[in-house]
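# Notes for the structure review
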Amino acid sequence: MSEDGIEQKYIKEAFDTNWVVPLGPNVDAFEKDLEDFVNLNDNATLSKRVVALSSGTAAVHLALIACGVGPDDEVIGQSFTFCASANPVVYLGAKPVFVDSEPETWNMDPELLEVAIKDRIAKTGRKPKAIVTVALYGMPYRIERIMEIARRYDIPVIEDAVEGFGSRYKGQMLGTFGDYGVLSFNGNKMITTSGGGALICPDEEAQQKVMWLATQARESYPYYQHEAIGYNYRMSNICAGIGRGQMTVANDHIAHHRHVQALYEELLADVKGIEVHKQPSLSTEGKGDFDSNYWLCTITLDPDMKVKGQEKAYQKVVQKAVGGAAGVIHAVSSAVTDCQPNDNVEAMRVCLDDAGIEARPTWKPMHCQPVYRTSVAYVNGVAEGIFKRGLCLPSGPCVTDDDVRYIVNTIKDSIL
């Protein structure tokens, strides 16, 4: 049976049995599939538990609650990320503290993390309540060093592995090192349930608490009684049916992304001014520790490179969705801000768009976002530098070898 056929089978079962609600047999089975997937590691079998939720953002929110985050607490997070990693901190009345990246993985710099912890303790008299690290574009973070620092200061770690589904560090799945791990199954992720996410929990007790909070914190009385504030965060049985079908091809999707990455590396190797971002092959931790899923393949452009149409960069505002976004709702009068990708990056994006190729800038660091302009940040210039030079290229399951060659040829043709 094809992938689509399996998904349709589970969806039909949901309708036939009238389980068209945020729970049901598909949800239970999908959670079991996810547990089997994340717990199987090269060195040992883990016993993490999983709760399927309505989104990855919901998972971050519940993980923060499970770690005891509340009003006026500080939470250290990676600056180089999508806003969903940071916004739930504010939902809880807490304060995000952003830490910049290290240049090899583009993820949280562990040494700067410790600087931030020490400084927050010195300035506030309290240690941060949690640490949220992010697997940017699927790349593993230096999790051993981060966990070593976190344990020394007794601070819980939430792994935002929404872009790192199937990525490993030393053979162990991302999302299983920290106290909690966050997954996403949004439409553009490694596998999708159309929308949805999951929270990897350390044990059954934590799983049950998260599940309780995700179902409006209803008590087990024969009537509706609530003794705590809960949330409507459980995944629907229909979405979970899609997820069950997607799990049958998860490893194929990951293998395809890695193949596409290797092809980009090969075809762009001799293009002057273009560098393909790749995982470290040799580090202080040893050779082969990093095993990225390459959710998105990314390149950086030399600032001195000239691209066709560069003189017209940022003359037009975006009128449609960019990079799988839900759409542009707020209109702006100008495409220019005080922190944006270099003109040659925007020109390259436009050249690719004109050729029918969807590319996107890298995430704008949180410490550069207007909404977080008053937040504390510990920066070294790495994330902002990459944002100004970086571009994400297509890499999904439908991207063929011929597509990659067409994309690379378009990039070459766009360079002056």
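First things first, this report covers the structure right here in the doc. (Residues numbered from 1 in each chain as written. Predicted model: local features only at pLDDT ≥ 70, side-chain atom pairs only at ≥ 80, totals over all residues. Heavy atoms only, no water.)

## Thoughts on the environment of Glu384
Condition: By the criteria applied, helices consist of DSSP H or I runs no shorter than four residues and strands consist of E runs no shorter than two, each listed in order from the N terminus. The cut-offs for exposure are 20% and 50% of the maximum accessible area for each residue type, with area from a 1.4 Å probe on protein chains only; residues under the lower value are buried, those over the upper are exposed, and the others partly exposed. Between two residues, a contact is recorded if the distance between any of their heavy atoms is within 4.5 Å.
On the secondary structure map, Glu384 appears in helix α11 (residues 382-389). Look at Glu384 and you get partly exposed, because its relative accessible area is 25%. Separated by 258 residues in sequence, Glu384 and Arg126 place their C-alpha atoms 29 Å apart. The residues touching Glu384, leaving out its near neighbours within four places in the chain, are Cys339, Pro365, His367 and Cys368.

## Things to note about the pairing of strand β2 (residues 74-78)
Applicable threshold: We call two strands paired when DSSP finds no fewer than two bridges between them.
Within β2, five of the five residues are buried, leaving the element largely enclosed by the surrounding structure. Both faces of β2 are covered, namely the face carrying Glu74, Ile76 and Gln78 and the face carrying Val75 and Gly77. Sheet analysis places β2 next to strand β3 (residues 95-99), joined by five bridges and oriented parallel. Counterpart to Gly77 in the pairing with β3 is Phe98. With three bridges joining them, β2 and strand β4 (residues 130-134) adopt parallel strand pairing. Of the residues in β4, the one forming a bridge with Ile76 is Ile131.

## Observations regarding unusual backbone geometry
Backbone geometry at Tyr294 places phi at a positive 50°, although glycine is not the residue there. Considering the arrangement of structural elements, one finds Tyr294 in the loop between β13 (290-291) and β14 (297-301). Under the relative-accessibility criterion, Tyr294 is labelled buried at 8%. Notably, Tyr314 is not glycine yet its phi reads approximately 65°, a positive angle. Counting through the fold element by element, Tyr314 comes out in the loop between β14 and α10 (343-354).

## Digging into the side chain of Asn293
Basically, it comes down to this: For this analysis, a polar contact is any N or O atom pair within 3.5 Å, provided that within protein one partner can donate a hydrogen and the other can accept it, and provided that sequence-adjacent residues contribute only side-chain to side-chain pairs.
Note that Asn293 resides in the loop between β13 and β14. From its side chain, Asn293 meets the backbone oxygen of Glu163 in a polar contact 3.1 Å long. Within the structure, Asn293 has its side chain in polar contact with the backbone nitrogen of Trp295 (distance 2.8 Å). Leave out the neighbours within four places in its chain, and Asn293 touches Tyr137, Gly138, Glu163, Gly164, Phe165, Ser167, Met190, Ile254, His257 and Arg258.

## Focus: the nonpolar core
Short version of the rule: Here the nonpolar core consists of buried residues drawn from Ala, Val, Leu, Ile, Met, Phe, Trp, Tyr and Cys, with membership extended through side-chain atoms lying within 4.5 Å.
If you look at the biggest cluster of nonpolar residues, it comprises 57 residues, and the most contacted ones within it are Ile76, Ile131, Phe165 and Phe185. If sequence neighbours within four positions are ignored, Phe165 has contacts with Leu34, Phe37, Leu183, Phe185, Met190, Ile191, Met247, Ala250, Ile254 and Asn293. Counting 30 residues, the second largest nonpolar core, distinct from the first, contains Val51, Ala58, Val75 and Val132.

## Comments concerning the side chain of Thr176
When you line up the elements, Thr176 lands in the loop between β7 (172-173) and β8 (180-184). Overall, the relative accessible area of 3% leaves Thr176 in the buried class. A polar contact of 2.6 Å, which involves the side chain of Thr176, links it to the backbone oxygen of Met173. Aside from chain neighbours lying at most four places away, what touches Thr176 is Val38, Leu46, Lys48 and Glu159.

## Side note on the sheet that holds β8
Here is the rule: Lines fitted to C-alpha atoms define the axes, with helix axes restricted to the stretch in contact, and inter-axis angles between N-to-C directions lie between 0 and 180 degrees.
Judged by pairing direction, the sheet is mixed, and its eight strands sit side by side in the order β1-β9-β8-β5-β4-β2-β3-β16 without closing on themselves. Strands at the two margins of the open sheet, each flanked by one partner only, are β1 (49-53) and β16 (376-378). Between one strand and the next, the sheet's axes are offset by a mean angle of 20°, whatever the strand orientation. Bridging between β4 and strand β5 (residues 157-160) involves four bridges; their strand directions are parallel. By the bridge assignment for β5, Val132 is matched with Ile158. Where helix α3 (residues 56-66) meets the sheet, it contacts β1, β2, β4, β5, β8 and β9 (197-201), and its direction lies at approximately 170° from that of β8.

## Brief notes about the environment of Ser79
Looking at where Ser79 falls in the secondary structure, it is placed in the loop between β2 and α4 (87-91). By relative accessible area, which is 0% here, Ser79 ends up buried. At a separation of 2.7 Å, a polar atom in the side chain of Ser79 contacts the side chain of His367.

Read these as geometric descriptors, not functional statements.
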